[in-house]
Structure formats: structure tokens, C-alpha cells
Amino acid sequence: MRTDSSIKQDVLDELEWQPSIDETQIGVVVKDGVVTLSGTVDSYVKKREAENAVKSVVGVKAVAEDIEVHYGNGYKKSDTEIASAAVNALKWNISVPENKVDVKVENGWVYLTGEVKWDFEKNAAKKSVENLQGVKYVVNNISLKNLVDTGDIKTKIRKAFERSADIDSKGINVTAEGHTVKLTGKVHSLKEKDDARKTAYYSPGVWTVDNELEVAY
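Rules used throughout
- Residues numbered from 1 in each chain as written.
- Predicted model: local features only at pLDDT ≥ 70, side-chain atom pairs only at ≥ 80, totals over all residues.
- Heavy atoms only, no water.
- Axes fitted to C-alpha atoms, helices over the stretch in contact; angles between N-to-C directions.
- Helix = DSSP H or I, 4+ residues; strand = E, 2+ residues; numbered from the N terminus.
- Parallel < 35°, antiparallel > 145°, perpendicular 65-115°, else oblique.
- Left-handed = near helix turned anticlockwise from the far one by under 90°.
- Contact = heavy atoms within 4.5 Å.
- Nonpolar A, V, L, I, M, F, W, Y, C, P; charged D, E, K, R; others polar.
- Salt bridge = Lys/Arg side-chain N within 4 Å of Asp/Glu carboxyl O.
- Buried < 20%, exposed > 50% of the residue type's maximum accessible area, 1.4 Å probe, protein only.
- Phe/Tyr/Trp six-rings, centres within 6.5 Å; stacked < 30°, edge-to-face > 60°.
- Lys NZ or Arg CZ within 6 Å of the ring centre and 35° of its normal.

Enquirer: It is not clear to me how the packing of helix H3 (residues 79–92) against helix H4 (residues 119–130) should be interpreted in this structure. Could you clarify?
Expert: The description of two packed helices rests on the angle between their axes and on the distance between the axes. Packing of H3 against H4 leaves a shortest axis separation of 9 Å and a crossing angle of 135 degrees. Viewed along their axes, H3 and H4 adopt a mutual orientation that is oblique. In terms of crossing hand, the pair formed by H3 and H4 is right-handed. The segment H3 lies against H4, with Ala86, Ala89 and Leu90 engaging Ala125, Ser128 and Val129. Of the residues contributing to the contact of H3 with H4, the split by class is five nonpolar, one polar and no charged.

Structure below.
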């Protein structure tokens, strides 16, 4: 069982290790394995990368991310400019289906809606806009809709877990009802929990994944 102080030190070291993150801008608090990040960064990408870096640290059970994004006056963009850039970015990404994603921007927050067939398309849309200048946060409300038979979803996900070098399938229970999959059990890290969710979404016919996996070190 790792102490909160040792986890915090590893989190600080991991943030310092990332070349795109200025660790002096980020505050770290750890309680019972739950890491809370605070502070201010100058791009949404740095906010996201800080969260991903923390998830890779052994002993972290969850991340509460309160980092704010503030651009300097020379880098501010209007909502109209951000929306226009987002539409163009989606258009140029071959992984995003044409005319399937709608964009709304309010105070630098980008809201994505629409329907696509695959989770990688949904993620590709988010990645297309999160690097744009002026973006403070991306809310990805794109839904998944495909007509694949859902009868063997559970079996396909179970086999995918068994093939994965990053997932210990023995500790994961998979249940499926229609297009919804529920994951329960225990995994060894927050990253493994995220990897299990992503893998489940790869199965044709999955629209929703309820990830109730517990991180137990």
C-alpha cells in the first residue's frame, strides 16, 4: 500500500518529466490515492497531458482535474474564430465522417454533437479540435450508432482483453445488454482501467461502456 506522500512525489516527478508541461504551474494534492490537480496552463493540450501523465503513476486511484486554461492576450480567439477553425479541422481529418459532427463554441468551450459509427471516429473528432488555439475545454457528446448484431459482444471483448499485453483479463467481468457493456472487477492501475474501456469500445455494436472497474494496487 503506497502512502499519499510517496504518490505525490511520483506525480510531481512525472509532471517534471513531461517536456510539454511546466510542473511549477500545477498544484498537486493526494488523499487516499485520489489526485487533485489545480493551477493554470496556457493550452488545453497541456491540461489533457497533465491528466494523462498522472494516470500513469502507480498508486493513483482517480484524478480530479481542476486545471484552468488561460490564454495570453496575444493568443485569444473569438468563439466564431474557434468554431470556424474547428469545422475546418474536422473536414481535413479523414477519420471523421463528413457532415456527421456538429460544433458549438461558448466562451472557448467546444461542444461536439452528432452520430458516428465507431469510437475511434468520436475520439478523432475530439483530437482534431483540442489542439486549436483558444480552446479551453472540449465536451464530446457525439453518440455511437451502428447496426451490428450485438449477440456476441461479450465474447469479442473478452477475447480482446485476453490478447492485450496491457490488460489483466482475469480480474475483469464483462456483461452486455443490447449495445451497453458494463465492466466490473479489479485492475492494477488507472491506465489499465482506461485501456479496458477503450478496448471494449472497439467491439462492433458497443454504444456505451459503464466502466465500474476498481483500481486495486
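Enquirer: What am I meant to see in the pattern of salt bridges here?
Expert: Pairing between side chains of opposite charge can happen when the charged atoms of each approach one another. Applying the stated criterion to the full structure yields twelve salt bridges. Two residues, Asp195 and Lys191, come together in a salt bridge whose shortest N-O distance is 3.0 Å. Placement of both Asp195 and Lys191 in helix H6 (residues 190–201) is noted, with a separation of four residues, approximately one turn of the helix. For Lys191, a relative accessible area of 41% corresponds to the partly exposed category.

Enquirer: Looking at this structure, I do not really get the packing of aromatic side chains. What am I missing?
Expert: The geometry of an aromatic ring pair is captured by two quantities: the separation of the ring centres and the angle between the planes. This model, assessed by the stated rule, comprises three aromatic pairs. Centroid distance Tyr44 to Tyr137: 5.7 Å. Interplanar angle 80 degrees. Geometry classified as edge-to-face. One end of the pair, Tyr44, is in helix H2 (residues 44–55); the other, Tyr137, is in strand E7 (residues 137–140), with 93 residues separating them in the sequence. Ring-pair connections join several aromatic residues into one group, and the members of that group are Tyr44, Trp109, Tyr111 and Tyr137. One residue, Lys104, lies across the ring of Tyr111, its end atom 5.2 Å from the ring centre.

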